[in-house]
Amino acid sequence: MKRLLFSTLFVLTAIAGWAQTTFTEGNFTYTVTDEENHEVSIAKAAEASLTGALVIPSSVTYEAVTYAVTAVGDEGFNGTGITSVTVPASVMTIGIAAFQGCGSLASITIEDSETPLTMPGAWYERPFIENSATTFYIGRNLTLTGGENYPLTYNATSVEFGPKVTTINPSLFYTNYKLASITIGSGVTTIGESAFLACGQSDEVTETVVTMGSNVTSIGTNAFKDCTHIKSVTLPSKLTTIGNEAFGNSGLTSISIPASVTSIGIAAFQGCNSMTSITIEDSETPLTISGAWYERSFWNGATTIYIGRDLTLDGGENNPLLYEATNVEFGPKVTTINPALFYSNSKLASIIIGNGVTTIGESAFNGCGTYWNEETNQGVEELVVTMGNNVTSIGANAFLNCSKLKSITLSSKLTTSM
């Protein structure tokens, strides 16, 4: 009997020692989550009515012990009247639906930190969904649990990533239709798949302005696809990879591909119907893009294109780079013009072949410069070709059916013309 009584008292004492301590200070209730390391989670006190700006404290002192605020509890501030919230660097986790239903919430600030902030990413568990916040500052990497990629919110109009952020999560602002400003900090190296897919489509947005960080090396698949109000973007000099359909169907009017880029994915700039010019900067390293039908990276409305490097076209087929070109220039680093590269560009009126080019591929300009509109009596008057002085080989059908090509001066080094 004594042994049983002792065992019972031991268990009760253990449970009492294990039980979490909860205390209230002002408008907040704190729960001790780690007694040894003095850590607590925070939530709204039961009787508190919160409005205005919420600045979550980084620490709290209770009974002469100072605790670090490292977590926001599940539904901790759900449905409150706060207008803004600042999450300090001390907070490591934000719980399920912590700020859902805050109808007056306008801005969210997640302070800078090198330690990731963990929060639920699953549908209906996301802390910042179902509220009215429009302005976001994200100062650290986010770890989204739940195994799925969902938007952080749907109402953002302005988003900024601070210098401590290295990765923008997949789908993080997917379908934020009113997004008009995206500022990507200098720490970001990777923009995840579909991170800003279909952003800024609303008629309320006149332009979605993207300030690209200087250290971005990879832009994921669909990252800015269907962003119809992105008119321009300056890609950084460290960028190496542009994913499939990364800017597909966007509102870009021009694009310059830095020399650092080694590969451009399938249809990366397809459907950009406002595109007028493409610049591929000079480099001695070839640029790999898809050459297969319907996969071509630049199949859009661009009319002027500068090609500053050799192109490696994947896909096993020779198809035109685009169909709307009127002016084409090959820079001094280009050595070979790919077969069929501008085949059937009927509006092409000017071709400048740089001094680096030695080989013009088969059917490279077949059928170019033939356009004429009988109703308007307008079109290509003459196809002007400036031939580089180092061309040694012109492939079969290279200028076949170029009916407006009236004269050409061949290179003195030319040895083969098929």
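Residues numbered from 1 in each chain as written. Predicted model: local features only at pLDDT ≥ 70, side-chain atom pairs only at ≥ 80, totals over all residues. Heavy atoms only, no water.

Caption draft 1: Quick peek at the side chain of asparagine 319. Within the secondary structure layout, asparagine 319 lies in the loop between β25 (311-314) and β26 (327-330). For asparagine 319, the side chain forms a polar contact with the main-chain oxygen of glycine 291, separated by 3.1 Å. In this structure asparagine 319 touches Gly291, Ala292, Trp293, Arg296 and Ala340, once residues within four positions along its chain are discounted. (Helix = DSSP H or I, 4+ residues; strand = E, 2+ residues; numbered from the N terminus. Polar contact = N/O pair within 3.5 Å; in protein donor to acceptor, adjacent residues only side chain to side chain. Contact = heavy atoms within 4.5 Å.)

Caption draft 2: Geometry of unusual backbone geometry. Non-glycine residue glutamate 130 carries a positive phi angle of around 60°. For glutamate 130, the location among the structural elements is in the loop between β10 (117-120) and β11 (135-138). Of note, the phi angle at asparagine 222 is positive, near 65°, even though the residue is not glycine. Within the secondary structure, asparagine 222 sits in the loop between β18 (218-219) and β19 (241-242). Residue asparagine 222 is classed as buried on the basis of its relative accessible area, which comes to 16%. (Buried < 20%, exposed > 50% of the residue type's maximum accessible area, 1.4 Å probe, protein only.)

Caption draft 3: Focus on the nonpolar core. Core analysis: the largest hydrophobic core is formed by 106 residues, its most contacted members being Phe99, Phe173, Ile191, Phe224, Phe269, Phe342 and Ile360. Sequence-distant contacts of isoleucine 191, defined by excluding residues within four places in its chain, comprise Ile168, Ile184, Phe196, Met212, Val216, Ser218, Ile219, Gly220, Ala223 and Phe224. (Core = buried A, V, L, I, M, F, W, Y, C linked by side-chain atoms within 4.5 Å.)

Caption draft 4: Inspection of the sheet that holds strand β33 (residues 393-394) at higher detail. Taken in spatial order, the 4 strands make up an open sheet running β27-β29-β33-β34, and their pairing is parallel. The sheet is open, and its two borders are formed by β27 (336-337) and β34 (416-417), each paired with just one other strand. Relative to β34, β33 is paired through 2 bridges, and the arrangement is parallel. Within β34, the residue paired with isoleucine 394 across the bridge is serine 417. (Pairing = 2+ DSSP bridges.)

Caption draft 5: Quick peek at the pairing of strand β7 (residues 81-87). The buried count for β7 comes to 5 of 7 residues, which makes it a mostly enclosed element. Pairing of strand β4 (residues 51-55) with β7 involves 5 bridges; the strand directions are parallel. Bridge pairing in β7 places valine 55 opposite threonine 86. Two elements, β7 and strand β9 (residues 107-110), share 4 bridges in a ladder whose sense is parallel. Opposite threonine 86, over in β9, you have threonine 109 as the bridge partner.

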